[in-house]
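Structure at a glance
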Amino acid sequence: MRRCIARELVEKNGVDADQLVTMLVRAAASEWSNYYFYTILRVDLLGAEGEALKQILEDVRREDLNHFEALVPRIYELGGQLPATALEINAQQKTVMANFAADPSDTRALIEYLLKAAEFSVRCYTDICNYTSGKDNRTYALALAILHEEIEHQVWFLEFLGHGAHERALRDERGRSPFVSKFLRPNLPPATVVGAC
Ligand code: ZN
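The rules behind the values
- Residues numbered from 1 in each chain as written.
- Predicted model: local features only at pLDDT ≥ 70, side-chain atom pairs only at ≥ 80, totals over all residues.
- Heavy atoms only, no water.
- Helix = DSSP H or I, 4+ residues; strand = E, 2+ residues; numbered from the N terminus.
- Buried < 20%, exposed > 50% of the residue type's maximum accessible area, 1.4 Å probe, protein only.
- Polar contact = N/O pair within 3.5 Å; in protein donor to acceptor, adjacent residues only side chain to side chain.
- Contact = heavy atoms within 4.5 Å.
- Donors = N, O, S within 2.8 Å, 3.2 Å for Na, K, Ca; no water.
- Phe/Tyr/Trp six-rings, centres within 6.5 Å; stacked < 30°, edge-to-face > 60°.

**Details of the side chain of H67**
With respect to the helices and strands, H67 occurs in helix α3 (residues 47–77). Residue H67 is classed as buried on the basis of its relative accessible area, which comes to 0%. Polar side-chain contacts of H67 include one of 2.7 Å to the side chain of E149. H67 has contacts with E31, I146, E149, E150, H153, S177 and V180, leaving out every residue within four places of it along the chain.

Rendered as structure tokens:
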């Protein structure tokens, strides 16, 4: 991987930068994969229950896209990179949603699968927080912000499963990443960040 200041600093603090980049690429691949499959899934959701789940998926998929975009600059700052094509992302990373096997018209089976993807994300960011705590403040803060939102996604799915959409806990900013938005730099493409490294 490329040498750069961010990478040297985290290594000085005892972080294996290659291992950290691998964790971040896996997380980013999963976010992208979720966004892609949630976009498609919305088309197959029918009926009152399907419509209610569609709204949750819309909020989750928007935030997952934000998570992807927030992770990419940090991966490049650390000298890493994403697979060259979208197809390679799923092939290399074996994301949960890339192996989706439920019938989309069976809402209950579908939600179990969505919960699996949410649990994977919670585990993934918990691991990154544990790995970087006290050693890489920037990655830790980013992973913790995403973790907050992933736990909320899990709660939204669980509430839907238990009580139906009408009792779903609402937050005003749903779909707008209240924790992660401060890490998003919409006018700064990843290529500019690479150059700064
Ligand atoms: Zn996410």
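**Considering the coordination of the zinc ion**
Within the protein, E31 (OE), E31 (OE), D64 (OD), H67 (ND1) and E150 (OE) serve as the donor atoms for the zinc ion, at 1.8 to 2.4 Å. Sequence spacing of the donor residues for the zinc ion, all on one chain, is E-x32-D-x2-H-x82-E. Separated by 36 residues along the polypeptide, E31 in helix α2 (residues 17–44) and H67 in helix α3 bring together distant segments of the chain. For the pair E31 and H67, one class covers both residues: buried.

**What about the packing of aromatic side chains?**
The tally for this structure, following the rule as stated, stands at two aromatic pairs. With 5.3 Å between their ring centres and 20° between their planes, W32 and Y36 make a pair best called stacked. Note that W32 and Y36 are positioned in helix α2 at a spacing of four residues, about one turn of the helix. The exposure class of W32 is buried, given its relative accessible area of 19%. Judged by its relative accessible area of 40%, Y36 falls in the partly exposed class.

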